Every structure is written in structure tokens, then in C-alpha cells.
Amino acid sequence: MLTEPFISVSKNAAWSGRILSGVLSFLLLIDAIGKFIRPAPVVEGTVKLGYPESVILPLGVVLFVCVVLYAIPRTAVLGAILLTGYLGGAVASHVRVGDPLATHALFPVYIGILLWLGLYLRDPRVRVLAPIRS
């Protein structure tokens, strides 16, 4: 088993990854908190997607746990994997109700790409797992 990554991360790349990951984590935490508070737009949006109001809090808890795991360096890869699954469910929900593809249905895909990019930039373990070759 590889204990120390052989690929180094430059300071600029690491900070870019931290900033990108931090901004996305903040936005996803705001989304999770919105599910805890349940203002009218959150309830309306969830019901529009075909879910009962009773699932809003559990979705918020799942999202909160995934974001916390993503934010902690030792569990960031697990958090990214779980968030990818969560975002995949969001894509499926938007496709199911016929939302516009580029703006609604693929928006979680864009978030997922940025999540993994932030992790790739800041974490040498991810660079070992998914090297970009020239």
C-alpha cells in the first residue's frame, strides 16, 4: 500500500484547491442549513421535484455529513465520493421532472466537477489515484 504519495502539490495548486473546496463546502453547507430551516422556497422546490416535505430534514442531514467529511482532509475522498452520489440523485430528480438540461439537470454535475477539481488540486492522494498524463 502506498503510504506517501509520490506526486507533490505546488503551494499555488494546494491553495487554489483549498479555496475552491472551501467555497463549494460553504455553499453546500448553506444548502444543508436551508433544509434544516425549511424556508418556503426550499419546501416548494422539494415538492416540485416530487418529494414529500418529510424528506427535507433527512436530505439536509445527509448533505451536512457529506460536506463535513469532504472538508476534513483525512476523509475528503470519502466525502467527495458521497457528495458525488448525492449530486447524482439531484441530477436524476431534475431529469425526472423535465427541468432544462444545461441549467438545472446538469448543475449538480458542474458542482461535482468543481468538488473533484478542488480535491485534485489540494490532495496528492487523488493525483496518485487519477494522474493526468501529458
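Residues numbered from 1 in each chain as written. Predicted model: local features only at pLDDT ≥ 70, side-chain atom pairs only at ≥ 80, totals over all residues. Heavy atoms only, no water.

S.K.: Explain helix 6 (residues 107-122) to me, please; I cannot follow it from the model alone.
M.R.: One turn of the α-helix equals 3.6 residues, which is why residues spaced by three or four share an orientation. The terminal C-alpha atoms of helix 6 lie 23 Å apart, and with 16 residues this matches the ideal 22 Å at 1.5 Å per residue to within 8%. Those residues of helix 6 that are buried are in contact with helix 1 (11-37), helix 3 (56-71), helix 4 (76-96), helix 5 (101-105) and helix 7 (124-129). (Helix = DSSP H or I, 4+ residues; strand = E, 2+ residues; numbered from the N terminus. Expected span 1.5 Å × (residues − 1). Contact = heavy atoms within 4.5 Å.)

S.K.: Is there a simple way to explain the packing of helix 1 against helix 3 in this structure?
M.R.: To characterise two packed helices, one gives the angle between the axes of the helices and the distance between these axes. Closest axis-to-axis distance for the helix 1/helix 3 pair is 8 Å, and the angle between their directions is 160°. One element, helix 1, and the other, helix 3, form an angle in the roughly antiparallel class. Crossing of helix 1 over helix 3 shows left-handed handedness. Between helix 1 and helix 3, the contacting residues are Ser21, Ser25, Leu28, Leu29, Asp31, Ala32, Lys35 and Phe36 on the first element and Ile56, Leu57, Leu59, Gly60, Val61, Leu63, Phe64, Val67, Tyr70 and Ala71 on the second. Split into classes, the residues belonging to the contact of helix 1 with helix 3 amount to 13 nonpolar, three polar and two charged. (Axes fitted to C-alpha atoms, helices over the stretch in contact; angles between N-to-C directions. Parallel < 35°, antiparallel > 145°, perpendicular 65-115°, else oblique. Left-handed = near helix turned anticlockwise from the far one by under 90°. Nonpolar A, V, L, I, M, F, W, Y, C, P; charged D, E, K, R; others polar.)

S.K.: Quick question: what am I supposed to make of the packing of aromatic side chains here?
M.R.: In this description, a pair of aromatic rings is defined by centroid distance and the angle of the planes. Overall, the coordinates contain one aromatic pair when judged by the stated rule. Ring geometry for Phe36 and Phe64: centres 6.1 Å apart, planes at 55°, overall tilted. Of this pair, Phe36 sits in helix 1 while Phe64 sits in helix 3; the two residues are 28 residues apart in sequence, bridging distant segments of the chain. Of the residues examined, Phe36 reaches a relative accessible area of 35% and is grouped as partly exposed. Owing to a relative accessible area of 35%, Phe64 belongs among the partly exposed residues under this scheme. Above the plane of the ring of Trp15 lies Arg18, whose end atom (NZ or CZ) is 4.8 Å from the centre. (Phe/Tyr/Trp six-rings, centres within 6.5 Å; stacked < 30°, edge-to-face > 60°. Buried < 20%, exposed > 50% of the residue type's maximum accessible area, 1.4 Å probe, protein only. Lys NZ or Arg CZ within 6 Å of the ring centre and 35° of its normal.)

S.K.: Would you mind going over the nonpolar core with me for this structure?
M.R.: A general feature of soluble globular proteins is that nonpolar side chains tend to end up buried together. Leu28, Leu63, Tyr70, Leu83, Leu115 and Leu119 are the most contacted members of the largest nonpolar core, which has 17 residues in total. Mapped onto this core, the elements with two or more residues apiece are helix 1, helix 3, helix 4 and helix 6. A total of five residues in this core trace back to one element, the largest contributor, which is helix 4. Setting aside anything within four residues of it in sequence, one finds Leu119 in contact with Ser21, Tyr70, Ala76, Val77, Ala80 and Val126. (Core = buried A, V, L, I, M, F, W, Y, C linked by side-chain atoms within 4.5 Å.)

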